[in-house]
Amino acid sequence: MAQINPSILSADFANLAAEAEAVRGADWLHVDVMDNHFVPNLTLGVPVVESLHKATRTPLDCHLMIEEPDRWAPAYVEAGAGSVTFHAEAAAAPVRLARELRAKGARASMALKPATPIEPYEDLLPELDMLLVMTVEPGFGGQAFLDIMLPKIRRTRQLIEKHGLEMWLQVDGGVSAETVERCAEAGADVFVAGSAVYSAEDPAEAVRALRAQAENARHACR
Ligand code: DX5
Ligand code: ZN
């Protein structure tokens, strides 16, 4: 089953509760946390995640684009995140961190920037519930999808199958009606979409349409 996670980075930050409601039916809400160090942009942190968690029933998928996730990530589980993604490039001890996130009751996930290969992390995959392949340079919404990431998505799917893992494979950046099928064919099953959802006239309908496209593309390639 394909999952669609709208990114609230493209939503109105002054109306987050209403923006969460506008995508009712989404599988998760994708929450981009940026610290102005790991990426050149600053968004929100633990208090906003805490409030958002109280304001919506949709589970929160927190994508931490921050330095020192080993130190800061566990607080996002306490704030109510159901899934926490840290970056491989920033984590000092990814295995220890993934185990801590799981022990606290969240899904543990790791993200790779476009230039970071998956292969060095093969042995780590069983420690994770999801792997996020970034399809833009992290930092901003509305960027163009990087086609050159498709082979990495394919290779990651092969590694997941080789090890017989249940983990999810997420793509984030430039995912839209034009690109979602290629991602699904390459093996992604969780799709983050910011501008494609929130710039649509009916965001909830955009979520349904993207999910249908992804489902069809995944079935077609099996
Ligand atoms: C980028 C963020 C993405 C972003 C995606 O650093 O991680 O989640 O919001 O936005 P779109 O879908 O507009 O590329
Ligand atoms: Zn993101």
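Quantities reported herein were computed from a predicted structural model and do not represent experimental measurements.

Participant: What should I look at first to understand the layout of surface pockets in this one?
Facilitator: Summary: where empty space remains is shown by rolling a probe the size of a single water molecule over the atoms. Roughly 250 Å³ of volume is contained in the largest pocket. Lining the largest pocket are 27 residues; nearest its centre among them are Phe140, Gly141, Asp172, Gly173 and Gly174. Breaking the lining of the largest pocket down by element, the ones donating at least two residues are strand S2 (29-34), strand S3 (60-65), strand S8 (190-193) and helix H7 (195-198). Ranked by the residues each element gives to the lining of the largest pocket, the list is headed by S2, at three residues. For the lining of the largest pocket, the residue count by class is 11 nonpolar, 13 polar and three charged.

Participant: I keep staring at the site of ligand 1 and nothing clicks. Help me out?
Facilitator: Among the 20 residues in the neighbourhood of ligand 1, the closest are listed as Asp32, Gly139, Asp172, Gly174 and Ser195. Measuring from an oxygen atom of ligand 1, one finds a backbone N or O atom of Gly139 at 2.7 Å. With respect to ligand 1, the backbone of Gly174 contributes an N or O atom lying 2.8 Å from an oxygen atom. Expressed as a share of its isolated accessible area of 390 Å², the protein-covered part of ligand 1 is 100%. Given that more than half its atoms are within 2 Å of the pocket grid, ligand 1 belongs to the largest pocket. The set of elements that each furnish at least two residues to the shell around ligand 1 consists of S2, S3 and S8. No other element matches the three residues that S2 contributes to the shell around ligand 1. Partitioning the shell around ligand 1 into residue classes produces eight nonpolar, 10 polar and two charged.

Participant: Any chance you could explain helix H8 (residues 203-220) here in plain terms?
Facilitator: Since the α-helix turns once every 3.6 residues, residues separated by three or four places project in the same direction. In this model H8 runs 26 Å from its N-terminal to its C-terminal C-alpha over 18 residues, within 8% of the 26 Å that 1.5 Å per residue would give. The complete set of buried residues in H8 reads Pro203, Ala204, Ala206, Val207, Leu210, Arg211, Gln213, Ala214, Glu215, Ala217 and Arg218. Against the buried residues of H8 lie strand S1 (3-6), helix H1 (16-22), helix H6 (180-186), S8 and H7. For H8, the N-terminal cap is Asp202; the gap from its side-chain oxygen to the backbone nitrogen of Ala204 is 3.2 Å.

Participant: I tried to follow the coordination of the zinc ion (ligand 2) on my own but got confused; where do I start?
Facilitator: Ideal coordination angles are 109.5 degrees for a metal with four donors arranged tetrahedrally and 90 or 180 degrees for a metal with six donors arranged octahedrally. Every protein donor of the zinc ion (ligand 2) is accounted for by His30 (NE2), Asp32 (OD), His63 (ND1) and Asp172 (OD), and the metal-donor separations fall at 2.1 to 2.3 Å. In this structure, the zinc ion (ligand 2) is coordinated by six donor atoms arranged in octahedral fashion, with angles at the metal of 71 to 172°. Summarised as a motif, the one-chain spacing of the donors to the zinc ion (ligand 2) is H-x1-D-x30-H-x108-D. Taken together, the residues His63 in strand S3 and Asp172 in strand S7 (residues 168-172) connect sequence positions 109 residues apart.

Participant: Looking at this model, I keep getting lost on the pairing of strand S4 (residues 83-87). Mind explaining?
Facilitator: Looking down a regular strand, the side chains alternate between one sheet face and the other. Within S4, five of the five residues are buried, leaving the element largely enclosed by the surrounding structure. Strand direction decides the pairing type here: S3 and S4, joined by three bridges, are parallel. Residue pairing in the sheet places Cys62 in a bridge with Val84 of S4. Taken together, S3, helix H3 (residues 69-78) and S4 constitute a β-α-β crossover, and its handedness is right-handed. Sheet topology places S4 next to strand S5 (residues 107-112); five bridges connect them, and they run parallel. Bridged to His87 within S5 is Ala111. Tracing the backbone out of S4, into helix H4 (residues 94-103) and back to the parallel element S5 gives a crossover that is right-handed.

Reading guide: rules and limits
Residues numbered from 1 in each chain as written. Chains lettered and ligands numbered in written order. Predicted model: local features only at pLDDT ≥ 70, side-chain atom pairs only at ≥ 80, totals over all residues. Heavy atoms only, no water. 1 Å grid on protein atoms, 1.4 Å probe; cavity = no way out; pocket = protein on both sides within 12 Å on 5 of 7 lines; lining within 4 Å. Points joined across faces, edges and corners; volume = space filled by probe spheres on them. Helix = DSSP H or I, 4+ residues; strand = E, 2+ residues; numbered from the N terminus. Nonpolar A, V, L, I, M, F, W, Y, C, P; charged D, E, K, R; others polar. Near = heavy atom within 4 Å. Polar contact = N/O pair within 3.5 Å; in protein donor to acceptor, adjacent residues only side chain to side chain. Areas by Shrake-Rupley, 256 points an atom, 1.4 Å probe, with all protein chains shown as cover. Sits in = over half its atoms within 2 Å of the grid points. Expected span 1.5 Å × (residues − 1). Buried < 20%, exposed > 50% of the residue type's maximum accessible area, 1.4 Å probe, protein only. Contact = heavy atoms within 4.5 Å. Donors = N, O, S within 2.8 Å, 3.2 Å for Na, K, Ca; no water. Tetrahedral: all angles 85-135°; square planar, octahedral: opposite > 155°, others 65-115°. Pairing = 2+ DSSP bridges. Right-handed = clockwise from strand over helix to strand, strands pointing away.

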